[in-house]
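Structural overview for review
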Amino acid sequence: MKKKILIIGACGQIGSELTLKLRDINGQNSIIASDIREGNKELMKSGPFELVNAIDYNSILTIVEKHQITEIYLMAAMLSATGEKFPDKAWELNMNSLFNVLNLAKEGKIQKVFWPSSIAVFGPSTPQENTPQETIMEPTTVYGISKQAGERWCEYYHNKYGVDVRSIRYPGIISWKTNPGGGTTDYAVEIYHEAILNGNYTCFLSENTKLPMMYMDDAIEATMKIMDAEPDTIKIRSSYNLAAISFTPKEIAAEIKKSIPNFQITYQPDSRQQIADSWPKSIDDTKAREHWGWKHTFDLKKMTNTMLENLQIKNSKKL
Ligand code: SER
């Protein structure tokens, strides 16, 4: 059967770049983008798009049948900070969308599922440095609880029903094309925009808050790599730890100053500080590296240069 992919949440930060990359590789008509609203021009022009509500099973089923979909990447979710404002909605979206997709796979209507988990599955009682794959997990955010429960369900559907579901625990993802929304790690994207536009940034986390992060190109590479791997190399069917770089607001600011010497940062921690403090500072992703050959390519310096260059070009086009 010809590979045909449905991306749910294709207009979000990761979904939009994943859609473009998968279309480059597989051809535009093999990748159906979908979301609850339309996305940016580049995405909308790049191939087929369907409006879909991820919590509505029948609307997903209709699209799966219409396009003879074989794989779903479920990228729709409510992230950590917004989830704390709307706990019921976050739970409903994050869990029901996953059940919809897992059930489609269980019923044999699709063959493969990608579902992202997050560093938010960990909590204050987890070892914070080099957090192991298997460790204490007592998440304190609704988002984290939904991701941890989701991991258990992924493993359950794999073991009980043979569903080929693959998952990675994304760290904070940094990119310049589409903004993130409602996450605790969003500061590490905002800081680059503000550095270029205004030369200063007020950070909502304190200066020494270290968190695991990753540049978008590495996140996309990991996503495609785990989905392309032979099924028997995927030995963990809950979700894989995945890491690239860890840094603090102070460190990212120092790196930006190398290109924009007058850049100023001030700190005004808000409710997101408590969320960040409950998460790991660095992640041990040995198993992803061993099982399916994951490796990252962007460090803080390369990422900073890439972000500043691309945002400068993007802004000059707007003027
Ligand atoms: N980037 C996410 C957040 O901050 C973590 O997965 O909520």
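Residues numbered from 1 in each chain as written. Predicted model: local features only at pLDDT ≥ 70, side-chain atom pairs only at ≥ 80, totals over all residues. Heavy atoms only, no water.

**Concerning the sheet that holds strand S8 (residues 168–170)**
- The three strands lie next to each other as S6-S8-S12, forming an open sheet whose pairing is parallel. Each having just a single partner strand, strand S6 (117–118) and strand S12 (240–241) make up the two edges of the open sheet.
- Relative to S8, S6 runs parallel, the two being bridged by two bridges. Each bridged residue has a counterpart across the sheet, and for Ser117 the counterpart in S8 is Arg169. (Pairing = 2+ DSSP bridges. Helix = DSSP H or I, 4+ residues; strand = E, 2+ residues; numbered from the N terminus.)

**Observations regarding a nonpolar patch on the surface**
- Together, Trp153, Tyr156 and Tyr161 line one region of the surface with nonpolar side chains, adding up to about 280 Å² of accessible area.
- By the secondary structure assignment, Tyr161 is in helix H6 (residues 142–161). (Patch = residues over 30% accessible without salt bridge, like charges linked within 9 Å, V, L, I, M, F, W, Y side chains within 5 Å. Areas by Shrake-Rupley, 256 points an atom, 1.4 Å probe, with all protein chains shown as cover. Salt bridge = Lys/Arg side-chain N within 4 Å of Asp/Glu carboxyl O.)

**Things to note about the site of the ligand**
- All residues in the neighbourhood of the ligand are listed as Leu79, Ser80, Ser118, Tyr143, Gly183, Thr184, Thr185 and Trp279.
- Contact distances for the ligand include 2.6 Å between an oxygen atom and a side-chain N or O atom of Ser118.
- For the ligand, whose free accessible area comes to 230 Å², the fraction covered by protein is 93%.
- In terms of residue class, the shell around the ligand is built from three nonpolar, five polar and no charged. (Near = heavy atom within 4 Å. Polar contact = N/O pair within 3.5 Å; in protein donor to acceptor, adjacent residues only side chain to side chain. Nonpolar A, V, L, I, M, F, W, Y, C, P; charged D, E, K, R; others polar.)

**Description of the environment of Glu221**
- Checked against the element boundaries, Glu221 lands in helix H8 (residues 216–228).
- On the basis of relative accessible area, Glu221 is assigned to the partly exposed category, the value being 37%.
- Considered as a pair, Glu221 and Thr82 are 139 residues apart in the sequence and their alpha carbons are 27 Å apart. (Buried < 20%, exposed > 50% of the residue type's maximum accessible area, 1.4 Å probe, protein only.)

Limitation: the analysis is restricted to geometry and does not speak to function.
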